[in-house]
Amino acid sequence: MEGKPLLTSKQKTAVVCGVPTQVVCTAFSSHILVVVTQLGKMGTLVSLEPSSVTGDIGKPVLTTKVLLGKDEPLVHVFAKNLVAFVSQEAGNRAVLLALAVKDKSMEAVKGLKEVIQTCQVW
């Protein structure tokens, strides 16, 4: 019985801002899992859930919640900047982000977003 695989997953290795980086994207029925690591581990796990505000016809607001790891304001900002486009392009699906990076500059965010885009599974 051949058909569509249960999970769709892609991975990419690239050098971002001089640091070797691995990205893995996996599509589940209700979530997209994005793993971004420069340290060889999953690191901080952040949930990004879209929530529509009643009466607002704009884009849904992404609510971030750290599920595992350091719950710092920079983690929330970094996560939203890094994977908000994934949720939007995937039809406002929730995103789980596993993040272990050395460089958290805006230049790094731009480079990481490009690598994530090449692993598109949504």
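Preceding block: the structure.
Residues numbered from 1 in each chain as written. Predicted model: local features only at pLDDT ≥ 70, side-chain atom pairs only at ≥ 80, totals over all residues. Heavy atoms only, no water.

Peer 1: Hey, could you run me through the nonpolar core in this one?
Peer 2: A general trend in soluble globular proteins is that nonpolar side chains are found buried together. The biggest cluster of nonpolar side chains holds 32 residues, and the ones touching the most others in it are Val34, Val36, Leu82, Val83, Leu97, Ile116 and Trp122. Contributing elements (two or more residues each) for this core: β1 (8-16), β2 (19-27), β3 (31-37), β4 (44-51), β5 (61-68), α1 (73-89), β6 (94-100) and α2 (106-118). Considering each element in turn, this core owes the most residues, 8 residues, to α1. Val34 has contacts with Val24, Cys25, Val83, Val95, Leu96, Leu97, Ala98 and Ile116, leaving out every residue within four places of it along the chain. (Core = buried A, V, L, I, M, F, W, Y, C linked by side-chain atoms within 4.5 Å. Buried < 20%, exposed > 50% of the residue type's maximum accessible area, 1.4 Å probe, protein only. Helix = DSSP H or I, 4+ residues; strand = E, 2+ residues; numbered from the N terminus. Contact = heavy atoms within 4.5 Å.)

Peer 1: Please explain the sheet that holds β3 as it appears in this structure.
Peer 2: The strands that make up a sheet pair up through hydrogen bonds in the backbone, lying either parallel or antiparallel. Taken together, the 6 strands give an open sheet; going across it, the order is β1-β2-β3-β6-β4-β5, and neighbouring strands pair in mixed fashion. Two strands bound the open sheet, and with one partner strand each, they are β1 and β5. In this sheet, neighbouring strand axes are inclined to one another by 20° on average, regardless of whether the strands run parallel or antiparallel. Across 7 bridges, β3 lies against β6 in parallel orientation. Bridge pairing in β6 links His31 to Ala94. Packed on one face of the sheet, α2 meets β1, β2 and β3 and runs near 145° to β1. (Pairing = 2+ DSSP bridges. Axes fitted to C-alpha atoms, helices over the stretch in contact; angles between N-to-C directions.)

Shape descriptors only; they carry no functional weight alone.
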